[in-house]
Each structure stands twice: as C-alpha cells, then as structure tokens.
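What follows is the residue order along each chain.
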Amino acid sequence: MDFRFDPDPGLDPFDPQVPGSGEAAADTGVPVDLYHEQDHYILNADLPGLDPGSLHVAVRGRVLTVSGHRTLRDLSGPDWLVRDRRRGAIERQVLLGPEVDAAKISAQYTCGVLSVFLPLDPARRRRKIDVRNDAAASGPS
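Numbering of residues begins from 1 in every chain and follows the order in which that chain's sequence is written. Selection of residues for local features in this predicted model requires a pLDDT of at least 70, selection of side-chain atom pairs for listing and counting requires 80 or more, and totals for whole chains, interfaces and linings are taken over all residues. Hydrogens are left out, water is left out, and the side-chain values use all remaining heavy atoms of the structure.

1. What to know about the sheet that holds strand β6 (residues 106-110)
Okay, so step 1: By definition, two strands form a pair when at least two bridges between them are found by DSSP. Strands are runs of DSSP state E lasting at least 2 residues, helices are runs of H or I lasting at least 4, and numbering of each runs from the N terminus. Taken in spatial order, the four strands line up as β1-β2-β7-β6 in an open sheet, and their pairing is antiparallel. If you trace the sheet from one side to the other, it starts and ends with β1 (32-37) and β6, each paired once. Taking each pair of neighbouring strands and ignoring which way they run, the sheet shows an average axis angle of 15 degrees.
Okay, so step 2: Pairing of β6 with strand β7 (residues 113-119) involves five bridges; the strand directions are antiparallel. The residue of β7 that forms the bridge with A107 is V116. Fitted lines through C-alpha atoms serve as axes, helices being fitted only where they are in contact, and the angles separating the N-to-C directions of these axes extend from 0 to 180 degrees.

Below you can see the structure in the form of structure tokens.
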C-alpha cells in the first residue's frame with residue numbers, strides 16, 4: 001500500500017520533513033492513524049470540535065482528501081494563557097495505493113473521530129504466489 005501524506009510520489013511519507021508525516025503530523029492540524037485489518041485499511045482522523053456540516057471526505061484519482069472547518073470562540077475577549085487549538089479550515093490528503101477500491105470507500109464520524117474505511121479490490125490485492133521447485137523433482141541435469 002502506498003500511503004503518502006503529500007501527493008508528490010517522490011517524497012518519503014515517513015520523512016519528518018514531509019508535511020503530515022511522522023513528527024510533522026501536528027503541523028497539519030489533523031492527526032491520523034492508519035492500519036490494515038483483514039481486507040481493508042482504516043484511517044482514523046482526530047477532528048474534535050469540527051463543525052459537523054463542514055466535514056467533507058472526497059477521493060479524486062488516488063488522492064483521498066478530508067476537510068472541514070472548526071469555529072472557536074472569538075479570540076478578542078479573554079486574556080488567553082494557552083491557545084493550542086486551531087480554528088478555521090483544516091485539510092489532510094492521503095495518496096492511496098492502487099489496491100484500494102475507491103468506489104467502496106465509506107466513512108463515519110463519532111465523538112470527534114472520523115473513521116474512513118478503505119476496502120481492498122480483490123482483483124488488485126497482493127497475493128502470495130507459490131513457487132514450484134522443478135529442479136528438486138527432476139534432479140540436476
């Protein structure tokens with residue numbers, strides 16, 4: 001599976017300098033977990049406080065985009081001591097591998113966590129190929 005967090009295929013998705021990968025994930029505003037389970041991948045994105053009507057999940061070609069908007073309290077009133085939570089538009093893109101069946105992707109949003117289910121296309125799924133050893137059966141020539 002070729003999951004990259006920047007649609008540029010020349011970048012290493014695990015390089016901390018690549019936006020959205022490794023340690024740089026906090027800079028994107030959308031931390032994600034991605035794992036493989038049986039015949040699909042699951043991507044979980046933390047989106048607490050997101051305006052529910054603004055949440056969009058789309059796929060174009062091999063790029064999955066999660067976007068939305070978070071509205072927070074007006075910043076001009078109180079004397080802020082710490083203000084880590086971002087407001088405004090958020091977006092995260094993931095480059096999907098060719099084995100994902102884009103037509104069957106589904107998603108659910110529960111308790112501030114977006115779960116995107118990425119099923120594998122059985123025809124494009126990686127499979128083990130048995131290698132026959134003919135030399136052992138016929139002996140050396």
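There is more to say after this.
2. Quick word on the side chain of R70
Okay, so step 1: Structurally, R70 is set in strand β4 (residues 63-70).
Okay, so step 2: Buried charge without a salt bridge: R70, with D51 as the nearest opposite-charge side chain at an N-O distance of 7.4 Å.
Okay, so step 3: Polar contact is the term for a pair of N or O atoms within 3.5 Å; when the atoms are in protein, one must be able to donate a hydrogen and the other to accept it, and sequence-neighboring residues count only if both atoms are side-chain atoms. Here P48 takes part through its backbone oxygen, which lies 2.8 Å from a polar atom of the side chain of R70.
Okay, so step 4: Excluding anything up to four places from it in sequence, R70 contacts L47, P48, G49, L50, D51, R86, R87, G88 and I90. Each residue gets one of three labels from its accessible area relative to the maximum for its type: buried under 20%, exposed over 50%, partly exposed in between, using a 1.4 Å probe on protein chains only. All tallies of charge rest on Lys and Arg as positive and Asp and Glu as negative; His and the ends of each chain are not included. Here a salt bridge means any side-chain nitrogen of Lys or Arg lying within 4 Å of a carboxyl oxygen belonging to Asp or Glu. Pairs of residues are marked as contacts when any of their non-hydrogen atoms sit within 4.5 Å.

3. Things to note about the nonpolar core
Okay, so step 1: By nonpolar core we mean a set of buried residues, namely Ala, Val, Leu, Ile, Met, Phe, Trp, Tyr and Cys, connected to one another through side-chain atoms within 4.5 Å. One finds L43, A45, L47, L114 and L118 to be the most contacted residues of the largest nonpolar core, which totals 18 residues.
Okay, so step 2: Listed by contribution, the elements that provide at least two residues to this core are β2 (40-46), β4, β5 (88-95) and β7.
Okay, so step 3: Setting aside residues no more than four positions away along its own chain, L43 makes contact with V32, D33, L34, V94, L114, S115, V116 and L118.

4. With respect to the sheet that holds β5
Adjacent strands of a sheet pair through backbone hydrogen bonds, lying either parallel or antiparallel.
Okay, so step 1: Taken in spatial order, the three strands line up as β3-β4-β5 in an open sheet, and their pairing is antiparallel. Every interior strand has two partners, whereas the edge strands, β3 (56-60) and β5, have only one. Taken over all neighbouring pairs, the strand axes of this sheet differ in orientation by 20 degrees on average, direction set aside.
Okay, so step 2: Two elements, β4 and β5, share eight bridges in a ladder whose sense is antiparallel. Residue pairing for β5: R70 is matched across the bridge by G88.

5. So, unusual backbone geometry
Okay, so step 1: The phi dihedral of Q38 is positive, around 55 degrees, even though this residue is not glycine.
Okay, so step 2: Note that Q38 resides in the loop between β1 and β2.
Okay, so step 3: In the Ramachandran plot, C111 falls in the positive-phi region, its phi being about 50 degrees despite a non-glycine side chain.
Okay, so step 4: Along the chain, C111 falls in the loop between β6 and β7.
Okay, so step 5: Using a relative accessible area of 80% as the deciding quantity, one classes C111 as exposed.

6. Digging into the pairing of β7
Okay, so step 1: With respect to burial, β7 is a largely interior element, five of its seven residues being buried.
Okay, so step 2: Sheet topology places β2 next to β7; seven bridges connect them, and they run antiparallel. Residue L43 lies in a different strand from β7, and its bridge partner there is V116.

7. Digging into the confidence of the model for the chain
Okay, so step 1: Overall, the prediction assigns the chain a mean pLDDT of 78, with 72% of residues at 70 or greater.
Okay, so step 2: Per-residue confidence from the predictor is reported as pLDDT, which spans 0 to 100. Within the chain, the element-level pLDDT minimum falls on helix α1 (residues 25-28), averaging 49, and the maximum on β7, averaging 96.
Okay, so step 3: Low pLDDT (under 50) marks residues 1-26, which in the prediction has 54 contacts with non-local residues, meaning those over four places away or in another chain.

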